[in-house]
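Chains, contacts and geometry: an overview
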Amino acid sequence: MKRYKLLLCLISVVMTLLCGHTVASAAVRSITLEKSGTLSEKAGGEAFEIDSLILAGPMDKADFDALWYMALKGKLSYLNLKNARPTDNEIPTDAFCHFGDQAYDFSGMIGVKRLPYLHTVILPENLKKIGAGAFSHTDITSIDIPPTVEEIGQACFLACWKLAGKVVIPEGVSRIEDSTFQQCQNIQEVSLPSTLEYIGISAFDACSKMTLSNSTLPASVREMGAQAFYLTSALKEIELPAGLKIVPLACFQASGIEKVVIPPSVQVISDLAFQSCRSLKEIIFSEGLARIAGQAFADDVSVEKIILPKSLSTAFNGAFANMPNLKEVYSLGTTPPWMCSDLVNGDSDGSDTDDGTIDGLPRSICAFLGTTPRDIPVYVPVGSLEMYVNAGHGWGWFSDFRECKDMPQLQAGIEETFNQEETASTMVYTNSNEIIIASSSVPQQYGIYSLDGRMIASGITNTDDTIINVSKGIYIVRVGRTSIKVIV
């Protein structure tokens, strides 16, 4: 009996060792594919037991589908593709996130089931492109993008909540597409390439711990999408690129920036662009800025001074609402810019009326609103005091206007210099329902715009007077490089 029990114990130990060896060999695998599309066959019945996989050789979409399935149903946590050769040197679209298969209903909302163990993916050498949504909703903790990559697809790293550390976008990448890093709240630093031209909608939306290397956007950036840096609370300072023309909708809304410099190239600051930037203390505008849209700087409670450039034509509803610490305003234009969305019928005596209006305008469409102080000094150029006092169109919010001999100077671009030189030689005037551009020996391109930016008319001036019929209202007339505001 004792011998029998001893034999059973020995058999048990041997079986345990054998089983342990089998599990261990399955848990870590190195597979070299000789032909693409054969990973499922190579992995065989051990596919769902593999924890760490080193994969080499040619790969196609079928192989990436196999990897996704191993990560979804199995234990795959570590994947090394350094020596893999994917078709066209590309990680396919939705490689590790099959939304249709992973989506589920969560209290009436759509949730995405995450790959339970996958945390590390080492990308192939010589990779050229990472497809759209390739790593969306995965729990990868870091990503080293090879320097050969030229294209990163839309929503590529969307909702990678555990992605942390520094991400370097390689030189050669010209676009960061929409939602590329949206909701990557643990990324700490992003380095952008000098070749970058476009930053997409919500590209870094809700990257709350992210900063930019050197606090600058590359000079090559010409366009950004709405909410590109929304809710980036760790972003403290930003220098916008010199070629940017529009700061888009909610671009830096609720970010942590403390100082922003608007370059001379920027003509429009869109709605909510810097709204609720509660740490923002310093706003530096430049000459060339024409429009500040609704609530662009609303609720920026730390701002103490605003200097409006003389190029400004309009600031829309609530652009500077709820700035309780604002202490002074400088307006550099001798002609007061419009501080409201539009003109409605009503009194225009510069007063706050009993019917909830400012200058006969509904409060809701005026630029200065809410907790923004009304008794602070507003400094204006010498000779323009009476125009500001009687201007109406939103300036009635204030009561203390002062002429100032030593007005601050703002940075002016080349175009602004040309404007100063050409204004004297370009005459624009009105007659009834007509805008008249005086005759010129040199034909010039002209455009007529409404205050909300819509083009009303355009063409080439005549050697005689150019006459354009318009409805009653206020217009911006641009002739050559000169912009003039007129009332018809």
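These remarks concern the structure in this document. Just so we're clear, the structure is a prediction, and the values are computed from it rather than from any experiment. (Residues numbered from 1 in each chain as written. Predicted model: local features only at pLDDT ≥ 70, side-chain atom pairs only at ≥ 80, totals over all residues. Heavy atoms only, no water.)

Regarding the overall build of the protein
Looking only at helices and strands, one finds six helices and 36 strands in the protein. Here the protein holds 488 residues, and 50% of them are scored as buried. In the protein, 48% of the contacts between residues at least 6 apart in sequence involve partners at least 24 apart. Carbon and sulfur atoms make up 52% of the accessible area of the protein, which amounts to about 22900 Å² in all. (Helix = DSSP H or I, 4+ residues; strand = E, 2+ residues; numbered from the N terminus. Buried < 20%, exposed > 50% of the residue type's maximum accessible area, 1.4 Å probe, protein only. Contact = heavy atoms within 4.5 Å. Areas by Shrake-Rupley, 256 points an atom, 1.4 Å probe, with all protein chains shown as cover.)

Observations regarding the pairing of strand S34 (residues 466–469)
Of the two faces of S34, the one holding Thr466 and Ile468 is buried and the one holding Ile467 and Asn469 is not buried anywhere. In this structure, strand S31 (residues 434–437) lies alongside S34, joined through four bridges in antiparallel fashion. The residue bridging Ile435 from the neighbouring strand is Ile468, located in S34. (Pairing = 2+ DSSP bridges.)

A word on the pattern of salt bridges
In the structure shown here, the tally under the stated rule is 13 salt bridges. When the shortest N-O distance is used, the salt bridge between Glu49 and Lys75 registers 3.1 Å. Remark: Lys75 occurs in the loop between helix H3 (61–73) and strand S3 (78–80) and Glu49 occurs in the loop between helix H2 (39–43) and strand S2 (52–59); sequence separation between them is 26 residues. In this structure Glu49 comes out as partly exposed when scored by relative accessible area, which is 36%. Here Lys310 and Glu287 are joined by a salt bridge, their closest N and O atoms 3.6 Å apart. Separated by 23 residues along the polypeptide, Lys310 in the loop between strand S23 (305–308) and strand S24 (314–315) and Glu287 in the loop between strand S21 (282–284) and strand S22 (291–292) bring together distant segments of the chain. Accessibility expressed as a relative area gives 1% for Glu287, which makes it buried. Several salt bridges share partner residues, and in doing so they unite Glu90, Lys129 and Glu151 into one network. (Salt bridge = Lys/Arg side-chain N within 4 Å of Asp/Glu carboxyl O.)

Things to note about unusual backbone geometry
Residues other than glycine predominantly adopt negative phi, and peptide bonds predominantly adopt the trans conformation. Notably, His137 is not glycine yet its phi reads approximately 60 degrees, a positive angle. Following the sequence through the fold, His137 ends up in the loop between strand S9 (129–130) and strand S10 (151–152). A relative accessible area of 14% means that His137 is categorised as buried.

Comments concerning the nonpolar core
If you look at soluble globular proteins, the nonpolar side chains tend to sit buried side by side. Grouped together as the largest cluster of nonpolar side chains are 112 residues, with contacts concentrated most on Leu67, Phe135, Phe157, Phe229 and Phe285. Elements that contribute at least two residues to this core include exactly H2, S2, H3, strand S13 (187–191), S23, strand S25 (328–331), strand S28 (377–381) and strand S29 (400–404). No other element matches the seven residues that H3 contributes to this core. Of all hydrophobic cores here, the second largest spans 13 residues; its members include Val428, Val470, Val486 and Val488. (Core = buried A, V, L, I, M, F, W, Y, C linked by side-chain atoms within 4.5 Å.)

Some points on the sheet that holds strand S11 (residues 165–168)
Pairing in this open sheet of three strands is parallel, and the strands run S11-S13-S15 from one edge to the other. Each edge of the open sheet is held by one strand with a lone partner, namely S11 and strand S15 (211–212). Here two bridges tie S13 to S15, and the two strands are oriented parallel to one another. Counterpart to Val190 in the pairing with S15 is Leu212.

Structural notes on the sheet that holds strand S18 (residues 246–247)
The parallel open sheet is built from four strands, whose spatial order is S18-S20-S22-S24. Of all the strands in the sheet, the pair left with one neighbour each is S18 and S24. Pairing geometry for S18 and strand S20 (residues 268–269), over two bridges, is parallel. From the neighbouring strand, Ile246 faces S20, where its bridge partner is Val268.

Observations concerning H3
Here H3 is 13 residues long and its end C-alpha atoms lie 18 Å apart, about the 18 Å a rise of 1.5 Å per residue gives. By the burial criterion, the buried members of H3 are Asp63, Phe64, Ala66, Leu67, Trp68, Met70, Ala71 and Leu72. Buried residues along H3 sit in contact with H2, S2, S3, strand S4 (84–86), strand S5 (90–91) and helix H4 (99–102). (Expected span 1.5 Å × (residues − 1).)

Overview of the pairing of strand S35 (residues 474–479)
The side chains of a regular strand alternate between the sheet's two faces. Along S35, five of the six residues are buried, which leaves the element largely enclosed by surrounding structure. Pairing geometry for strand S32 (residues 445–450) and S35, over five bridges, is antiparallel. By the bridge assignment, Tyr449 is partnered in S35 with Ile476. In this structure, S35 lies alongside strand S36 (residues 482–487), joined through six bridges in antiparallel fashion. Opposite Arg478, over in S36, you have Ser483 as the bridge partner.

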